[in-house]
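Chains, contacts and geometry: an overview
The residues making up each chain are set out below.
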Amino acid sequence: MELYYQKEIETASPEQIREWQNERFLNTLGHVWENNKYYKKKMLEKGVIPEDIHSIDDMWKLPYLTKDDLREAYPYGLMSAPLSDCVRIQSTSGTTGKRVVAFYTKEDIDLWEDCCARAIVAAGGTKEDVVQVCYGYGLFTGGNGLHGGSHKVGCLTLPMSSGNTERQLQFMVDLESTILCCTPSYAAYLAESIHEKGIRNDIKLKAGIFGAEAWTEEMRKDIESRLGIKAYDIYGLTELSGPGVAFECCEQTGMHINEDHFIVETIDPETGKVLPEGEKGELVFTSITKRAFPLLRYRTKDIAVLKREKCSCGRTFVKMSKPMGRSDDMLIIKGVNVFPSQIETVLLNQGLTSNYQIVVDRVGTTDSIEINVEMTPELFSDTINTIEIRERQITEAMKSMLGIYAKVSIVEPKSIIRSEGKAVRVIDKRKLYG
Ligand code: DLL
């Protein structure tokens, strides 16, 4: 069995990795300075110019980028290559309705797919495998990323996209899929359906590559035992390319970060101070091989710990733990990123007030989201029928903002408990971070 997709890179010495990083970082910095007015302005505001940066040791001098910057620069402001060099965009939800848009040149896609191919090979994938990709295709990066990686490894690729469980199971059985790529919650749902249908013995799966949302070790064990597979974690975000920023190997003790493409730092989310490797903090990534949309010091808001130890798989890239939470209020529901601010925008646009509460739960393996919003004095005098019509209208508006169904209920005035401090907008009953 192949152990690595790019052995010389994945097992390179720490000195070699550092050399690559230094060279590529300085290159990317020059490229961004020359071509990206937005980041150049940020650097000048911080009083730093490329001449102040001699190696990655000086990286701390550079300003951070956040999702707010992406929003401010939307849609083209953070590009570092001409549009004519770009061949693709991918996108995900942003903080207040403006989506995050990431751009790729042909080469950017090629390197991104390499990262996904590494993940597939690390999960035991070879050209003999049948890879069933049930991450969403389209603007979401999950489907396209793993699809490209699967092609690179030479696997037979089933571009299923998400949903339509009947069809997923039929292909899984008929085409004898061996590797499943989807969110962990969908994997758990598929496992449940397989058992209900009594087709467990017809399934040939051996591995799963699951990510895009938080999942616990307990959930891993559960999926592994119900499907008879090894379940591997994969991490990434649209801003940095998509899945494959980091991936798990056979040791299953954290995800190797593709350090030839990304430099990782951990910082204190409150103060922004860089923390020593090994301390829990917010992950900050610098992409060092991208042309169209390289981000320098991008704050992910994901909290994790880095571990640089010898790994039995032979890979030398640093490992990140499973994300242990987020330093902002982003929720991931059914694999979709949802910000409370998006919900608030819809409610206010629909003439309601900010007296609302969001309740997130997981029933079985399926996430649910309910939004309770207090009625306004005008609505109070309306009939039940009119209120139901309003609820349906808001549900529709919510669906088009969030991309997922959220049950909206208009509740009695003053029924949502007022807080003396920060309003408790979100009640998340799921236990996602173990
Ligand atoms: O979720 C990319 C992806 C697709 C990763 C498929 C893995 C598999 P976004 O939609 O931009 O991109 O969401 C990124 O999702 O900042 C994390 O908070 C969360 N996330 C991604 N992977 C994991 C994971 C894709 N393995 C945001 N565990 C990130 C926990 C994850 N959270």
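The structure this text deals with has already been given above.
Now for a description of the structure that goes with this document. (Residues numbered from 1 in each chain as written. Predicted model: local features only at pLDDT ≥ 70, side-chain atom pairs only at ≥ 80, totals over all residues. Heavy atoms only, no water.)

The subject of this paragraph is the overall build of the protein. Of regular secondary structure, the protein possesses 12 helices and 21 strands. For 434 residues, the compact-globule estimate of 2.2 N^0.38 gives 22 Å, and the C-alpha radius of gyration of the protein, at 23 Å, lies within 12% of that figure. A principal-axis box enclosing the C-alpha atoms of the protein has dimensions of 70 × 65 × 40 Å. Within the protein, the fraction of its 434 residues that count as buried is 57%. Considering only contacts in the protein between residues 6 or more positions apart, those separated by 24 or more positions represent 65%. Summing over all exposed atoms, the protein offers an accessible surface of approximately 19,000 Å²; the carbon and sulfur share of this is 51%. Between the averaged position of the 54 positive side-chain charges in the protein and that of its 63 negative side-chain charges there is a distance of 1 Å. (Helix = DSSP H or I, 4+ residues; strand = E, 2+ residues; numbered from the N terminus. Rg over C-alpha atoms; globule rule 2.2 N^0.38 Å. Buried < 20%, exposed > 50% of the residue type's maximum accessible area, 1.4 Å probe, protein only. Contact = heavy atoms within 4.5 Å. Areas by Shrake-Rupley, 256 points an atom, 1.4 Å probe, with all protein chains shown as cover. Lys, Arg positive; Asp, Glu negative; His and termini not counted. Charge placed at Lys NZ, Arg CZ, Asp CG, Glu CD.)

A few words now on the site of the ligand. In the neighbourhood of the ligand, 22 residues make up the surrounding shell, with D233, I234, T238, D302 and R326 lying closest. Here T92 contributes a side-chain N or O atom positioned 3.4 Å from an oxygen atom of the ligand. At 2.6 Å, a side-chain N or O of D302 approaches an oxygen atom of the ligand. When the ligand sits alone it has 610 Å² of accessible area, and the protein chains cover 98% of it. For the shell around the ligand, the elements supplying multiple residues, two or more each, are α6 (141–153) and β7 (230–237). Among the elements that take part in the shell around the ligand, β7 stands out by supplying 5 residues, more than any other. Here the residues of the shell around the ligand sort into 10 nonpolar, 7 polar and 5 charged. (Near = heavy atom within 4 Å. Polar contact = N/O pair within 3.5 Å; in protein donor to acceptor, adjacent residues only side chain to side chain. Nonpolar A, V, L, I, M, F, W, Y, C, P; charged D, E, K, R; others polar.)

Overall, the coordinates contain 27 salt bridges when judged by the stated rule. Two residues, D57 and R18, come together in a salt bridge whose shortest N-O distance is 2.9 Å. On the criterion of sequence distance, the pair formed by D57 in the loop between α3 (37–45) and α4 (67–72) and R18 in helix α2 (residues 14–35) is long-range, its members being 39 residues apart. Between R297 and E265 there is a salt bridge; the shortest N-O distance is 2.8 Å. Remark: E265 occurs in strand β10 (residues 262–267) and R297 occurs in the loop between β11 (281–287) and β12 (298–304); sequence separation between them is 32 residues. Look at E265 and you get buried, because its relative accessible area is 11%. Several salt bridges converge on common partners, so that one network encompasses R362, D367, D428 and R430. (Salt bridge = Lys/Arg side-chain N within 4 Å of Asp/Glu carboxyl O.)

On to the sheet that holds strand β21 (residues 426–428), then. As summarised here, the arrangement of the 4 strands in space is β20-β19-β18-β21, forming an open sheet in which the pairing is mixed. Because the sheet does not close on itself, it has two edges, and the strands there are β20 (407–411) and β21. Geometrically, the sheet is characterised by an average inter-axis angle of 20° between neighbouring strands, direction not taken into account. Of the pairings in the sheet, the one linking strand β19 (residues 366–374) to β20 comprises 5 bridges and is parallel in character. Counterpart to E370 in the pairing with β20 is K407. Helix-sheet contacts for helix α10 (residues 340–349) involve β18 (356–363), β19 and β21, and the interaxial angle to β18 is about 130°. (Pairing = 2+ DSSP bridges. Axes fitted to C-alpha atoms, helices over the stretch in contact; angles between N-to-C directions.)

That is the geometry; function is a separate question.
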